[in-house]
Amino acid sequence: MKNILLTGALGQIGSELAVSLRERYGIENVIITDIKADGNKELIESGPFYQCDCRDSKALADIVGRHKIDTIYHLAALLSAVAEANPQKAWDVNINGLYSVLEVAREKHCAVFTPSSIGAFGPTAPKDYTPQDTIQRPTSIYGVTKVTGELLCDYYNHKYGVDTRGVRYPGIISSVTSPSGGTTDYAVHIYYAAVKQKRYTCFLKGDTYLDMIYMPDAIKAAINLMEADPNKLRHRNAFNVSAMNFCPEDQAAYIRRYIPEFEISYNIDPVRQALANSWPNSLEDYAARVEWEWNPEYDLDAVTKDMLKILQERSEGK
Ligand code: NAD
Ligand code: SER
């Protein structure tokens, strides 16, 4: 039986991963934590929750000891645009937070899942079908923390034998908790705006190609990787994963299949455009497919249909 600790549980991924983990392993066996204690009352009240800063290794160690935790899903972090606005805080949260989790994992013998990102690549990496193993010279502080995190997790694995694993997520599309402070947030906001106003003003240029993934596939990736046979894992901490590739113009065209009057316009945010320009146009995720049978279900049409249905029903109070 697994006993799991989740950090950053009230964020975009955590709020849905928490529910999936609890369905799979039991409510009392999945302890969720976040630095804040507001925003998702239903989740906070649905099972064990602690307000805890992931940089506080003593508090983390107490929770891990009290609940006999054997696996930590470490999601607490600052995303790309927020990080760029406050690089010092981004380093502190993303690196010192991970360090504290890894130290607790080393002492208490826990496995650790940590997401990296397409942001771990920089402008000198191959742009199209960016390989699993290639040059990584990110130009954003977010990317710098993500590459550092990948290396730190590798180090804790080969030096101390900590069972560290992780994926490089592309932009994540979801309908429960809004993304906050990322460059790929537009790909979620566009669906909310399509349902509400039938129009959306995008902060990235219409021909900016990035990889994306729908939340059910993102969750499946995390759980399947953590359950994979360790003997088959050659990469461990930074598997490229992707499910679809599109630009804002493509996404708008797919939305028009269901809302023909939908219109998109552009008001470019130079900071987020520069971040997107420095990242891969698309990722090659062969290693994940071979080493732990990564196989996403949702493409752009399936996501569009599902997101619009969920948001439409919500707006009608269903
Ligand atoms: P998010 O910003 O939605 O959630 C992060 C959560 O961490 C928030 O609830 C926040 O309150 C919490 N947090 C912040 N500082 C904390 C601290 N010091 N201690 C404890 N909790 C703290 O982020 P997300 O989208 O859920 O991302 C989770 C992870 O996945 C991050 O590592 C992120 O880099 C990675 N990732 C996300 C995406 C994406 O599109 N969402 C893509 C690639 C990688
Ligand atoms: N979706 C994330 C961001 O835009 C990428 O890691 O910051």
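## Some details on the site of ligand 2
Lining the immediate environment of ligand 2, one finds Leu79, Ser80, Ser117, Tyr142, Gly182, Thr183, Thr184 and Trp279. When ligand 2 sits alone it has 240 Å² of accessible area, and the protein chains cover 92% of it. Here the shell around ligand 2 is composed, by residue class, of 3 nonpolar, 5 polar and no charged.

## Considerations on the packing of aromatic side chains
Evaluation of the coordinates by the stated rule reveals 8 aromatic pairs. Between Tyr156 and Tyr160, the aromatic rings sit 5.2 Å apart at their centres with planes inclined by 55°, giving tilted as the arrangement. Placement of both Tyr156 and Tyr160 in helix α6 (residues 141-160) is noted, with a separation of 4 residues, approximately one turn of the helix. The class of Tyr156 is buried, set by a relative accessible area of 4%.

## Quick look at the site of ligand 1
Neighbouring ligand 1 are 28 residues; Gln12, Asp34, Cys54, Tyr142 and Lys146 lie closest to it. The separation between an oxygen atom of ligand 1 and a polar side-chain atom of Asp34 is 2.6 Å. Within the backbone of Cys54, one N or O atom sits 2.9 Å away from a nitrogen atom of ligand 1. The fraction of the free accessible surface of ligand 1 (830 Å²) that becomes covered by protein chains is 93%. Counting only elements with at least two residues in the shell around ligand 1, the list comes to β6 (116-117), α6 and β9 (171-173).

## Brief notes about the sheet that holds strand β5 (residues 111-113)
Here we have 6 strands laid out as an open sheet, ordered β3-β2-β1-β4-β5-β7, and parallel in their pairing. With one partner strand each, in any of the chains shown, β3 (49-51) and β7 (164-165) form the two edges of the open sheet. Of the pairings in the sheet, the one linking strand β1 (residues 4-7) to strand β2 (residues 30-34) comprises 3 bridges and is parallel in character. Each bridged residue has a counterpart across the sheet, and for Leu5 the counterpart in β2 is Ile31. Packed on one face of the sheet, helix α8 (residues 215-227) meets β4 (71-74), β5 and β7 and runs near 155° to β5.

## Describing the pattern of salt bridges
One pass over the full model with this rule turns up 17 salt bridges. Residue Asp62 pairs with Lys58 through a salt bridge whose shortest N-O separation is 3.4 Å. Here Asp62 pairs with Lys58, and both are found in helix α3 (residues 57-66), just 4 residues apart, close to one helical turn. With a relative accessible area of 36%, Asp62 lands in the partly exposed category. Residues participating in the shared-partner salt-bridge network are Asp53, Arg55 and Asp92.

## A word on the sheet that holds strand β13 (residues 244-246)
The sheet built from 3 strands is open, its strands ordered β9-β11-β13 with mixed pairing. Because the sheet does not close on itself, it has two edges, and the strands there are β9 and β13. The mean angle between the axes of side-by-side strands here comes to 40°, regardless of whether they run parallel or antiparallel. As judged from the 3 bridges shared by strand β11 (residues 210-214) and β13, these two strands associate in the antiparallel manner. Bridge pairing links Asp211 to Asn245 in β13. Lying over the sheet, α8 contacts β9 and β11, oriented at roughly 85° with respect to β11.

The rules we used
Residues numbered from 1 in each chain as written. Chains lettered and ligands numbered in written order. Predicted model: local features only at pLDDT ≥ 70, side-chain atom pairs only at ≥ 80, totals over all residues. Heavy atoms only, no water. Near = heavy atom within 4 Å. Areas by Shrake-Rupley, 256 points an atom, 1.4 Å probe, with all protein chains shown as cover. Nonpolar A, V, L, I, M, F, W, Y, C, P; charged D, E, K, R; others polar. Phe/Tyr/Trp six-rings, centres within 6.5 Å; stacked < 30°, edge-to-face > 60°. Helix = DSSP H or I, 4+ residues; strand = E, 2+ residues; numbered from the N terminus. Buried < 20%, exposed > 50% of the residue type's maximum accessible area, 1.4 Å probe, protein only. Polar contact = N/O pair within 3.5 Å; in protein donor to acceptor, adjacent residues only side chain to side chain. Pairing = 2+ DSSP bridges. Contact = heavy atoms within 4.5 Å. Axes fitted to C-alpha atoms, helices over the stretch in contact; angles between N-to-C directions. Salt bridge = Lys/Arg side-chain N within 4 Å of Asp/Glu carboxyl O.

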